[in-house]
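Commentary on secondary and tertiary structure
If you want the building blocks of each chain, they are given just below.
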Amino acid sequence: MRDGIELLSGYSVVASRVDIGAHEVEALFDDLFGPSRRPVNAMHYLDWGVMRALGLDGTMRVVNEQGVDVTAEARENFPGGPVAFGSNGRR
């Protein structure tokens, strides 16, 4: 049953309660003091993936054995090409 629900949902998730709460507090302050020039946390309420459901960014970084970020190189050399590197077919 879980597999069917995952496939039907397309792995869509609602943003975490913490992120939604931050937006609600920001909306209150905007009403009281006027809109902020810098939003607290600009993000979509609906997204996809388990990382978003947990309130995490979900950005994949690739590091080598020395701890150096080699994400750009990995993206360029990815078998599906740079566009497919982080897309998972969804973005």
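See the structure shown above.
To keep things clear, this report deals only with the structure shown in the data block. (Residues numbered from 1 in each chain as written. Predicted model: local features only at pLDDT ≥ 70, side-chain atom pairs only at ≥ 80, totals over all residues. Heavy atoms only, no water.)

Take the environment of Glu26 next. Among the structural elements, Glu26 can be located in helix H2 (residues 17-33). With 13 residues separating them in the primary sequence, Glu26 and Pro39 have C-alpha atoms 7.7 Å apart. (Helix = DSSP H or I, 4+ residues; strand = E, 2+ residues; numbered from the N terminus.)

Our next topic: the pattern of salt bridges. Any two side chains of opposite charge can pair, so long as their charged atoms come close to each other. Applying the stated criterion across every chain, the model contains 1 salt bridge. Asp69 is the partner of Arg61 in a salt bridge, and the nearest nitrogen-oxygen pair spans 2.8 Å. For Arg61, a relative accessible area of 49% corresponds to the partly exposed category. (Salt bridge = Lys/Arg side-chain N within 4 Å of Asp/Glu carboxyl O. Buried < 20%, exposed > 50% of the residue type's maximum accessible area, 1.4 Å probe, protein only.)

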